Amino acid sequence: MKKKASVLKRIIGYIKRYLPLVGVILLLNLVTVFAELYIPVLVGRAIDKMLGKNQVDFAAIKTILFAVGGIAIAGGAIQYAIAAINNRLAFFVVRDRKS
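Residues numbered from 1 in each chain as written. Predicted model: local features only at pLDDT ≥ 70, side-chain atom pairs only at ≥ 80, totals over all residues. Heavy atoms only, no water.

(A) Focus on the pattern of salt bridges. Summed over the entire model, instances satisfying the criterion amount to two salt bridges. The salt bridge partner of R95 is D96, with a shortest N-O separation of 3.7 Å. Here the salt bridges share partners, and the residues they tie into one network are R17, R95 and D96. (Salt bridge = Lys/Arg side-chain N within 4 Å of Asp/Glu carboxyl O.)

(B) Quick peek at the packing of aromatic side chains. Scanning the model with the defined rule gives three aromatic pairs in all. Judged by centre distance (5.5 Å) and plane angle (10 degrees), the rings of F34 and Y38 are stacked. With F34 and Y38 both in helix α2 (residues 19–48) and four residues apart, the pair spans about one turn of that helix. Residue F34 is classed as exposed on the basis of its relative accessible area, which comes to 56%. Arranged with centres 5.9 Å apart and planes meeting at 55 degrees, the rings of F91 and F92 form a pair that is tilted. A residue is classified by how much of its surface remains accessible, and F92, at 16% relative accessible area, is buried. (Phe/Tyr/Trp six-rings, centres within 6.5 Å; stacked < 30°, edge-to-face > 60°. Helix = DSSP H or I, 4+ residues; strand = E, 2+ residues; numbered from the N terminus. Buried < 20%, exposed > 50% of the residue type's maximum accessible area, 1.4 Å probe, protein only.)

(C) Broad picture of α2. Spanning 30 residues, α2 covers 44 Å between terminal C-alpha atoms, matching the ideal 44 Å at 1.5 Å per step. Along α2, the residues classified as buried are V22, I25, L28, T32, A35, L42 and A46. (Expected span 1.5 Å × (residues − 1).)

(D) Expanded view of the confidence of the model for the chain. Of the residues in the chain, 98% reach a pLDDT of 70 or more, and the chain-wide mean stands at 90. No element of the chain has a lower mean pLDDT than helix α1 (residues 2–15), at 80, and none a higher one than α2, at 94. (pLDDT = per-residue confidence, 0-100.)

(E) Inspection of the side chain of T32 at higher detail. Relative to the helices and strands, T32 is located in helix α2. Of note is the side chain of T32, whose polar atom sits 2.8 Å from the backbone oxygen of N29. Beyond its immediate chain neighbours, meaning those up to four positions away, T32 contacts G75, I78, Q79 and I82. (Polar contact = N/O pair within 3.5 Å; in protein donor to acceptor, adjacent residues only side chain to side chain. Contact = heavy atoms within 4.5 Å.)

Listed below in structure tokens is the structure:
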């Protein structure tokens, strides 16, 4: 366990210079978690708009489903951005380590 702690301290030392990027990554991850957890809530609301035969509020369901689609697309775009930032962070750390 002691060896793992020393490795972690060394890695933190390498990324200390790039803490703003790490902060952005953490913030974007929180946004994607929120988006992923909010989609089932919206789907539940859409189901609640289906009261029975001939009692379906299609306008409300349409609005909710567009919101689900928008959130899913935004979540995917944010995950792409997270991957790009992670890649840049890794590049910077390796470059600094080699020089």
